[in-house]
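One letter stands for each residue in the lines below.
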Amino acid sequence: AGAGAGGGGTRFDLEKETELRFEVEAGEKVQLELLTGLAEVFGSELNRNKKYTFPPGSKIAVFTWQGCSVSLSGKTEVAYVSKDTPMLLYLNTHAALEQMRRQAERDNERGPRVMVVGPTDVGKSTVCRLLLSYAVRLGRRPTLVELDVGQSGVSVPGTMSALCIERPADVEEGYSVQAPLVYHFGSTTPGTNIKLYNKLTSCLAEVFSQRCEVNRKASVGGCIINTCGWVKGSGYQALVHCASAFQVDVVLVLDQERLYNELKRDLPHFVRVVLLPKSGGVVERSKDCRREARDDKIREYFYGFRGVSFYPHAFDVRFSDVRIYKIGAPSIPDSCLPLGMSQDDTQLKLVPVTPGRDLTHHVLSVSCADEGEEVAGGVRRGLLESPVCGFIVVTNVDTQAQVMTVLSPAPRPLPRHTLLIMDIRFIDLK
Ligand code: ADP
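**A word on the overall build of the protein chain**
Here is step 1 of the chain: A count of helical and extended segments in the protein chain gives eight helices and 26 strands.
Here is step 2 of the chain: Its C-alpha atoms give the protein chain principal-axis dimensions of about 70 × 55 × 40 Å.
Here is step 3 of the chain: Within the protein chain, the fraction of its 430 residues that count as buried is 49%.
Here is step 4 of the chain: Considering only contacts within the protein chain whose residues lie at least 6 apart along the sequence, 72% involve residues at least 24 apart.
Here is step 5 of the chain: Total accessible area computed for the protein chain in this model is approximately 20,100 Å², and 49% of it derives from carbon and sulfur atoms.
Here is step 6 of the chain: Treating the 51 positive side-chain charges of the protein chain as one cloud and the 50 negative ones as another, the clouds have centres 2 Å apart.

**What about the site of the ligand?**
Here is step 1 of the chain: Close to the ligand lie 17 residues, the nearest being Glu19, Lys59, Ser125, Thr126 and Arg285.
Here is step 2 of the chain: One nitrogen or oxygen atom from the side chain of Glu19 is found 2.8 Å from a nitrogen atom belonging to the ligand.
Here is step 3 of the chain: Contacts to the ligand include Thr126, whose side-chain N or O atom sits 2.6 Å from an oxygen atom.
Here is step 4 of the chain: In the complex, the protein chains occlude 89% of the 570 Å² of accessible area that the ligand would expose alone.
Here is step 5 of the chain: Of all the secondary-structure elements, those providing two or more residues to the shell around the ligand are strand E3 (18-24), strand E8 (59-64) and helix H2 (124-137).
Here is step 6 of the chain: For the shell around the ligand, the class distribution of residues is six nonpolar, five polar and six charged.

**Brief notes about the sheet that holds strand E6 (residues 44-45)**
Here is step 1 of the chain: Spatially, five strands are ordered E6-E5-E8-E3-E10 in an open sheet, and the strand pairing comes out antiparallel. Only two strands of the sheet have a single partner each, and these edge strands are E6 and strand E10 (76-82).
Here is step 2 of the chain: Judged from the six bridges that link them, E3 and E10 form a sheet pairing that is antiparallel. Opposite Glu23, over in E10, you have Val78 as the bridge partner.

**As for the sheet that holds strand E15 (residues 223-226)**
The strands making up a sheet associate through hydrogen bonds between their backbones, and the pairing can be parallel or antiparallel.
Here is step 1 of the chain: Within the open sheet, the seven strands sit side by side as E14-E13-E12-E15-E11-E16-E17. Their pairing is mixed. Both edges of this open sheet fall to strand E14 (181-184) and strand E17 (272-276), since each of them pairs with a single strand only. Across this sheet, the average inter-strand angle for adjacent strands is 15°, counted without regard to direction.
Here is step 2 of the chain: The pairing of strand E16 (residues 250-254) with E17 spans five bridges and is parallel.

Each value, and the rule that gives it
- Residues numbered from 1 in each chain as written.
- Predicted model: local features only at pLDDT ≥ 70, side-chain atom pairs only at ≥ 80, totals over all residues.
- Heavy atoms only, no water.
- Helix = DSSP H or I, 4+ residues; strand = E, 2+ residues; numbered from the N terminus.
- Buried < 20%, exposed > 50% of the residue type's maximum accessible area, 1.4 Å probe, protein only.
- Contact = heavy atoms within 4.5 Å.
- Areas by Shrake-Rupley, 256 points an atom, 1.4 Å probe, with all protein chains shown as cover.
- Lys, Arg positive; Asp, Glu negative; His and termini not counted.
- Charge placed at Lys NZ, Arg CZ, Asp CG, Glu CD.
- Near = heavy atom within 4 Å.
- Polar contact = N/O pair within 3.5 Å; in protein donor to acceptor, adjacent residues only side chain to side chain.
- Nonpolar A, V, L, I, M, F, W, Y, C, P; charged D, E, K, R; others polar.
- Pairing = 2+ DSSP bridges.
- Axes fitted to C-alpha atoms, helices over the stretch in contact; angles between N-to-C directions.

Shape is all these values report; function is a separate question.
So, in structure tokens, the structure goes:
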């Protein structure tokens, strides 16, 4: 690290294969500029003499393969250079995956399907982003499968999604999210409804496989699956389920030998399970920090991000114009279940809900489900497996007038009339 001004900031001279790590203080922002050499942020290259701005709370690493100097201006909580990074191992992993893609191309087979696993805060999302960016920089079209319902890099929390990656993530803004395929899960932990979680994992796997059958580039590109940090009990079972649903070829285990050994034991022998160290730069995030990140993600959905402002709409929706469901009936003791019914059925049951005051602030998914699919009893086939076309937030419920006020990215009317309730709430302070 070095002092001295570069564009008014602090200048850092980085040797090759080192990284500058910094965290932006609360309420502040930090500008980064590449002065000389080459550098990247989580796999996306920096342009020379362009100022990149990072908002409060950002935790960033600027890595250089060749050496570079950068300048930082604004208040950082920490900023230091580290020589000790696992980047070379990550690059080798990428090289091995690229080898598999080349072989797939040659032999007319499918490219690698990779699952990234590990406890929370080991840099899973970062490794996914890195591998995707490196692949796309070589002209590949890999798919990101986002199964982390707590901290989704693709859509709002409480969703599971898939996104075809066509360009490296933007240094400041992350993935450009065009037409992701998004499913409603409804909560920030898989444990809330593990049956649904597994079902949606299977759904995504099926859609991805179908796409691979008709799109050669997608097939060769393969996929990188980001998972939740819950790696015990049903959380572990969900990983095993995911591996089989996607027929993964490679599992990258970050930082946990126990998990690595368990997966080696439980997955078929042809699955390559690889243990990788986590980066010392990965910062542990508190519960509050996570909650804030989730809130930000929802706010961004409605109000936009940085330079791009959206102007959401508020309007009334009559109860009679929509059908609102919650997925999963409260579980009851096995002995009380009606004959022939299992707990699985209750977890996947669609329960019609009449809006009450307690619906206020809840996020609702607007389902793409075909509206004509209703069957007797209000149970709708295909609804669980239907993707979502958008989200609204209930800002007020008037039970007397039988209307609710909603915040919506688009003006009225709602594009569809089937709404699914999330456990997640968003308080709109604007
Ligand atoms: P996980 O997906 O396992 O929960 P993330 O990939 O989201 O973990 O990483 C946690 C945080 O650490 C993120 O804010 C990310 O930007 C940051 N981070 C990751 N790698 C580094 C690094 N090498 N230096 C500094 N911060 C990092």
